[in-house]
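Report on the structure
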Amino acid sequence: MPLLLFVSGASGQTLSFGTDVYAGGEGASGIASAPRSLFAAGPAVRVDSPIGRDAHLAGFSVHASGATGGDLYAMGGDITLDGAVGGDLTAGGFSLSVGPGASVEGNARLAGGSVSIAAPVRGALTVSGGAVTLDAPVGGDAWIAADHLKFGPAARIAGQLHLTAPDEVEVPGAVVPADRITRRPMSEAGRFDPGREWRRDWMLAHHEEWGIPGALGLSLAAVLTLLFLLAAGAAFLASAPVLVERLRRQASLRPWRALLLGALGLSALVGAIPVAAASLIGLPLVPIAILALILLWTLGYLLGLHVAAQAVLAGLRGHAAPAGFGWSVLGLALALLLAALLNFVPLLGWMANMLLGILGLGAVALVLAERLAPPPRDVP
């Protein structure tokens, strides 16, 4: 696939393949016209030339002033769009501005902390944001969800307006008549959810109500979670007892070093996710990185509980903790129960659970460092 040939780096690169253009890194800051579709990702993406078909843009800063013949997709921190879009527009960012030099022939789907629309939309408009400003005509229906909503003098909505905003927001009659406005309270659950009606009908058909689980359901979920963690820990203890003991010894002998390495390792794992998402070649790896983070954190947390349980048992006996698989599983079960109860202690309990996971990750890092370190040389 052409996407696999995409390379994003500090120096940047632009690749043309099958009349499509792929740009990454610094190469995304000055892109020539694309005969067909454009795929661009980098710290700063700027498109001033026309795009024949679709444009896919992602970056911390995205600016597109060239005309797009088809659909335009943009995602980033600061997005400014000033070019004509021949199809649909889908964009999301912290700050999103669709300037007066732009126009959208199809539908527009926008989301952001601050969204400003000053370009005409021929089709339907869907926008969700903290602060939304509409100062342009909309040829179809509009669905707006916003904490703060403002209409400019050029705002017009030809179809229905579905509005989710504070009650004090007034919609001028010049924008849309009152009989074409449907208001939804900000507190209404699922207010911006096309599948809500289907789910409600399905649940009613099964004689159930769609709502927040009760105390019994939450308690059952907690018990099942603890049982799952206990089963995973027992499987780990049974399948790799030598490795588990080695990891426990590392964490017990060097707890401060394990905490330091665990914190560094956790930061690296979390940071790898946005780094992978910053380039098209790394984007498919994001789900793998998230899954690896979840698995490693779960194993690290169980290992930290095992280390703490064995330390407490050894302290109670005055010497080494009792050996054996059964004692290890029993200690892990008690540690899981106490750790779950700690979650009811605000801040301190949460920090204690976090430190247990970091301690386990640090033990893994210590063992890996030992294996990767070169063997000591014999001194003659």
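In this text, all values refer to a predicted model and were calculated from it rather than measured experimentally.

1. Re the overall build of the chain
Scanning the chain for helices and strands turns up 7 helices and 15 strands. For the chain, buried positions account for 37% of its 380 residues. The long-range share in the chain, meaning contacts at least 24 apart out of those at least 6 apart in sequence, stands at 20%. Split by element, the accessible area of the chain, about 20,900 Å² in all, is 68% carbon and sulfur.

2. Looking at empty space enclosed by the protein
Within this structure, the stated rule accounts for 1 cavity of 30 Å³ or more. The volume enclosed by the largest cavity comes to roughly 60 Å³. Residue lining of the largest cavity: G233, F236, L237, V244, L302, L303, H306 and L332, and that is the complete set. Of all elements in the fold, only helix 2 (215-239) and helix 5 (286-317) reach the threshold of two or more residues within the lining of the largest cavity.

3. Remarks on the environment of F236
Tracing the backbone shows F236 in helix 2. Once the C-alpha coordinates of F236 and L302 are considered, the two residues, 66 residues apart in sequence, prove to be 9.3 Å apart.

4. A short note on a nonpolar patch on the surface
On the surface, L342, V345, L347, L348, W350 and M351 cluster together to form a nonpolar patch covering roughly 610 Å² of accessible area. The dominant element in the nonpolar patch, judged by the number of residues it contributes, is helix 7 (residues 348-372), at 3 residues.

5. Considerations on the pattern of salt bridges
Pairs can form between side chains of opposite charge whenever their charged atoms are close. Tallied over the entire structure, the rule returns 5 salt bridges. We note a salt bridge from R109 to D88, for which the minimum N-O separation is 3.2 Å. With R109 in strand 9 (residues 108-117) and D88 in the loop between strand 6 (84-85) and strand 7 (89-98), this pair connects stretches of sequence that are 21 residues apart. Given a relative accessible area of 35%, R109 falls into the partly exposed group. Between E105 and R122 there is a salt bridge, with the nearest N and O atoms lying 3.5 Å from each other. Here E105 is found in the loop between strand 8 (103-104) and strand 9, whereas its partner R122 is found in the loop between strand 9 and strand 10 (125-134), with 17 residues between them in sequence.

6. Details of helix 7
For helix 7, which comprises 25 residues, the first-to-last C-alpha distance of 36 Å matches the rise-based estimate of 36 Å (1.5 Å per residue) to within 8%. Where helix 7 is concerned, the buried positions are G349, N353, L356, G357, I358, L359, G360, L361, G362, A363, L366 and V367.

7. Things to note about the nonpolar core
By size, the foremost hydrophobic cluster in this structure holds 49 residues, and its most contacted members are L57 and L110. Among the elements that line this core, the one with the most residues is strand 12 (residues 142-151), at 5 residues. Discounting chain neighbours no more than four positions away, the residues touching L110 are L89, A91, L96, V98, V115, I117, L125, T126, V127 and S128. Judged by nonpolar contacts, the second largest core, of 14 residues, contains L229, L237, L305 and L332.

8. With respect to the confidence of the model for the chain
Scored by pLDDT, the chain has a mean of 80; 80% of the residues are at 70 or more. Mean pLDDT across the secondary structure elements of the chain bottoms out at helix 1 (residues 196-205), with 57, and peaks at strand 11 (residues 137-138), with 95. Considering only residues more than four positions removed or in separate chains, one finds that residues 1-12, a stretch of pLDDT under 50, has 29 contacts. This model gives residues 188-194 a pLDDT under 50, and the stretch forms 12 contacts once residues within four places in sequence are excluded.

9. Details of the packing of aromatic side chains
Centre-to-centre distance and the angle between the planes together describe a pair of aromatic rings. All chains considered together, the criterion is met by 1 aromatic pair. On the numbers, 5.1 Å between centres and 10° between planes, the contact of Y22 with F39 is stacked. Highlighted residues: Y22 in strand 2 (residues 20-24) and F39 in strand 3 (residues 38-47), separated in sequence by 17 residues. Of the two residues examined, Y22 and F39, each falls in the buried class.

Rules and cut-offs
Residues numbered from 1 in each chain as written. Predicted model: local features only at pLDDT ≥ 70, side-chain atom pairs only at ≥ 80, totals over all residues. Heavy atoms only, no water. Helix = DSSP H or I, 4+ residues; strand = E, 2+ residues; numbered from the N terminus. Buried < 20%, exposed > 50% of the residue type's maximum accessible area, 1.4 Å probe, protein only. Contact = heavy atoms within 4.5 Å. Areas by Shrake-Rupley, 256 points an atom, 1.4 Å probe, with all protein chains shown as cover. 1 Å grid on protein atoms, 1.4 Å probe; cavity = no way out; pocket = protein on both sides within 12 Å on 5 of 7 lines; lining within 4 Å. Points joined across faces, edges and corners; volume = space filled by probe spheres on them. Patch = residues over 30% accessible without salt bridge, like charges linked within 9 Å, V, L, I, M, F, W, Y side chains within 5 Å. Salt bridge = Lys/Arg side-chain N within 4 Å of Asp/Glu carboxyl O. Expected span 1.5 Å × (residues − 1). Core = buried A, V, L, I, M, F, W, Y, C linked by side-chain atoms within 4.5 Å. pLDDT = per-residue confidence, 0-100. Phe/Tyr/Trp six-rings, centres within 6.5 Å; stacked < 30°, edge-to-face > 60°.

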